[in-house]
2 protein chains.
Amino acid sequence: MVDTMDQAPVFILCRPQLGENIGACARVMGNFAIADLRIVAPRDGWPNPAAETMAAGSAVLTNARVFETLEEAVADCHMLYATTGTPRHMIKPVMTGREAMGEIRGALAGGRRAGVMFGAEKSGHSNEEIARARAVISLPVDPEFTSLNLAMACGVLAHEWRADEGVPQGWSPMEAPASQGELDGLYGHLHDELDRAGFFYPPEKTPLMTQNLINIFARGGVTSQEVRTLRGAIKALTLGRGKARIVRED
Amino acid sequence: MVDTMDQAPVFILCRPQLGENIGACARVMGNFAIADLRIVAPRDGWPNPAAETMAAGSAVLTNARVFETLEEAVADCHMLYATTGTPRHMIKPVMTGREAMGEIRGALAGGRRAGVMFGAEKSGHSNEEIARARAVISLPVDPEFTSLNLAMACGVLAHEWRADEGVPQGWSPMEAPASQGELDGLYGHLHDELDRAGFFYPPEKTPLMTQNLINIFARGGVTSQEVRTLRGAIKALTLGRGKARIVRED
């Protein structure tokens, strides 16, 4: 992921109030490898110990830059986005986070720098800040409860930036599913033992009962190892209670 | 959005430690209209004043239910997802948030109830909790900085649940773009006034200079009102300094 870090959008916090929120923004930006945090006129000055605590060691906070004005903070950006849930009387495209991140991806690939701005906690963006933006990002919040925490808005958009990258490396791939031959071996084994035990009664219902049993395993996802486990379980059951352990020690 | 609230996944916090995180989860669930929060064995008991403070009035916290065991909490769910960034030696499908939410949407439409589980802050999910899940959700975090805050993980997935819904209602639609006739009127007006002012020099470059000017406005997005504003600006400029105000008062 490191090779794409310079290719991420810039996040700009406009007049943030709580150090806790600044730190939480830096932490979640680090989680999703968005490196460039710019802070405009933080209410409680800078540095801010509460921000450091909440950043949980994120290098994004260490490298954050503080500016007195928004103009200075975004001078090198080619396109700006404002985030707000509050409609304004302004002619401006309105995008979901997904749409905006798609557009930013294209712009960055073309060598441009894109900035995503976040307004202050209580008041949100000023109209002057929004006017500067090429578009507004508005998240699909419940109109009955729109008050999204500042760091949460950063987090949602930070994840949205990476959301198309798929799952992280390091997970063992799913084991190969059992072949149809292995499954048929299981079905035959189960059928034979159940038949021996008198399970299929009345006899004319045998085909339907067999089909229902097969259906349980046929839905997919049973692996070769799991077929072996199931066949071991059938074998143990046929030997009767208390004898399985002896068999498994053979 | 209210009519789909019952159609959202259930979020289950397994052994959460900090009331602040429980409250922040409830708040962001409320933001994205996910109503059903279940809390399994919260470390600091229940109710928890820190949770109430951070929930910022979210009804999700008021309606949250507390259980002693995960078994009780998820007994009515038909499919469970565990969230973790830490690979385990377990045979289990691994999905992005987007993939999982797509699958859950289909399951809910089919009348099933889906639960998304979140592990404790420090340790994450136990292997026993993960084993119960149909699949693991793993977010595309930077392998160098995987420590995602519990509430942030809830928030990212809560947003992912709604992310396809588009922008909220209430924004004025973009004003209609100017017609090509209006734009051509602007181009002609601008060309005539610049020609009168001696802008096109040398004369043989006039076509190229005109083309370059047109290009600035042809990229799209200029509205009818903006065409009128630009034509007013041209008119004002041709009248010379200080006279525009008088004209506008006419």
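Refer to the structure printed above.
First, a word on what this report is: a plain description of the structure on this page. This structure is a prediction, so every number in the text was calculated from the model and none was measured.

Brief notes about the overall build of chain A
Regarding its fold elements, chain A presents eleven helices and seven strands. Expressed as a percentage of its 250 residues, the buried residues of chain A come to 45%. Considering only contacts in chain A between residues 6 or more positions apart, those separated by 24 or more positions represent 83%.

A few points about the nonpolar core
Core analysis: the largest hydrophobic core is formed by 85 residues, its most contacted members being A:Phe11 and B:Phe11. Once you skip the residues sitting within four places of it in the chain, A:Phe11 turns out to touch A:Met29, A:Ile34, A:Asp36, A:Leu37, A:Arg38, A:Val116, A:Phe118, A:Cys154, A:Leu157 and A:Ala158. In this structure, B:Ile12, B:Val74, B:Ala82 and B:Ala133 belong to the second largest nonpolar core, which totals 17 residues.

Some remarks on the sheet that holds strand β6 (residues 114–118) of chain B
By definition, the strands of a sheet pair up through backbone hydrogen bonds, in either a parallel or an antiparallel sense. Residues and elements named next belong to chain B. An order of β3-β2-β1-β6-β4-β7-β5 is seen for the seven strands of this open sheet, with the pairing classed as parallel. The outermost strands of the open sheet, each flanked by one partner alone, are β3 (65–67) and β5 (94–95). Of the strand pairs in this sheet, β5 and strand β7 (residues 135–137) are connected by two bridges, and their pairing is parallel. From the neighbouring strand, Met-95 faces β7, where its bridge partner is Ile-137.

Describing the interface of chain B and chain A
Residue-level contacts link 56 residues of chain B with 55 residues of chain A. Taken together, both faces of the contact between chain B and chain A bury some 4800 Å²; the carbon and sulfur share is 66%. Across the chain B-chain A interface, the total number found is four salt bridges. With its nearest N and O atoms 2.2 Å apart, the salt bridge here joins B:Arg98 to A:Glu160. Taken together, the connections running from chain B to chain A amount to 14 residue pairs in polar contact (both at pLDDT 80 or more). Taken together, the elements giving at least two residues each to the side of chain B that touches chain A come down to α1 (19–31), β5 and α7 (150–162) of chain B. With seven residues, α7(B) is the single largest residue contributor to the side of chain B that touches chain A. Taken together, the residues of the side of chain B that touches chain A break down into 27 nonpolar, 19 polar and ten charged.

Looking at the packing of helix α8 (residues 180–196) of chain B against helix α10 (residues 224–238) of chain B
Residue and element names in this part refer to chain B. Packing of α8 against α10 brings their axes to within 10 Å, and their N-to-C directions diverge by 10°. Compared by their axis directions, α8 and α10 come out roughly parallel. Contacts between α8 and α10 involve Glu-182, Leu-183, Gly-185, Leu-186, His-189, Leu-190 and Glu-193 from the former and Ser-224, Val-227, Leu-230, Arg-231, Ile-234, Lys-235 and Thr-238 from the latter. For the contact of α8 with α10, the per-class residue count stands at six nonpolar, four polar and four charged.

A look at the relation of the copies chain B and chain A
Least-squares fitting of chain B to chain A yields an RMSD of 0.2 Å, with the superposition described by an axial translation of 0.2 Å and a rotation of 180°. The symmetry that links the two subunits is that of a two-fold axis. If distances are taken from each C-alpha of chain B to the rotation axis, the shortest is found for B:Val156, at 2.5 Å. Here 98% of the contact residues of chain B are again contact residues in chain A; the copies associate through an equivalent surface.

Criteria and thresholds
Every chain is numbered on its own, with residues counted from 1 as its sequence reads. Chain labels run from A onward and ligand labels from 1 onward, assigned in the order the entries are written. Only residues with pLDDT of at least 70 are given local features in this predicted model, and only at 80 or more are side-chain atom pairs given and counted; all residues enter the totals for whole chains, interfaces and linings. Derived side-chain values reflect all non-hydrogen atoms in the structure, with water molecules and hydrogen atoms excluded from consideration. Labels follow the DSSP assignment, with helices taken as runs of H or I lasting at least four residues and strands as runs of E lasting at least two, numbered in each case from the N terminus. When accessible area is computed with a 1.4 Å probe and restricted to protein chains, residues below 20% of their type maximum are described as buried, those above 50% as exposed, and intermediate ones as partly exposed. Contacts are assigned to residue pairs that have any heavy atoms within 4.5 Å of one another. Residues belong to one nonpolar core when they are buried, are Ala, Val, Leu, Ile, Met, Phe, Trp, Tyr or Cys, and are joined through side-chain atoms within 4.5 Å. One bridge is not enough; two strands pair if DSSP finds at least two bridges between them. As used here, buried area is the combined drop in accessible area, with a 1.4 Å probe, of two parts when they are placed together. Any Lys or Arg side-chain nitrogen located within 4 Å of an Asp or Glu carboxyl oxygen qualifies as a salt bridge. Polar contacts, as used here, are pairs of N or O atoms within 3.5 Å; protein pairs need one atom able to donate a hydrogen and one able to accept it. Residues neighboring in sequence count only if both atoms are side-chain atoms. Residues are grouped as follows: nonpolar covers Ala, Val, Leu, Ile, Met, Phe, Trp, Tyr, Cys and Pro; charged covers Asp, Glu, Lys and Arg; every other residue, Gly included, is treated as polar. As a rule, the C-alpha atoms of each element are fitted with a line to give its axis, helices using only the stretch in contact, and angles between N-to-C directions run from 0 to 180 degrees. The labels follow the angle: roughly parallel below 35 degrees, roughly antiparallel above 145, roughly perpendicular from 65 to 115, and oblique for the rest. When the copies are superposed, the least-squares fit takes in the C-alpha atoms of residues with a pLDDT of at least 70 in both.

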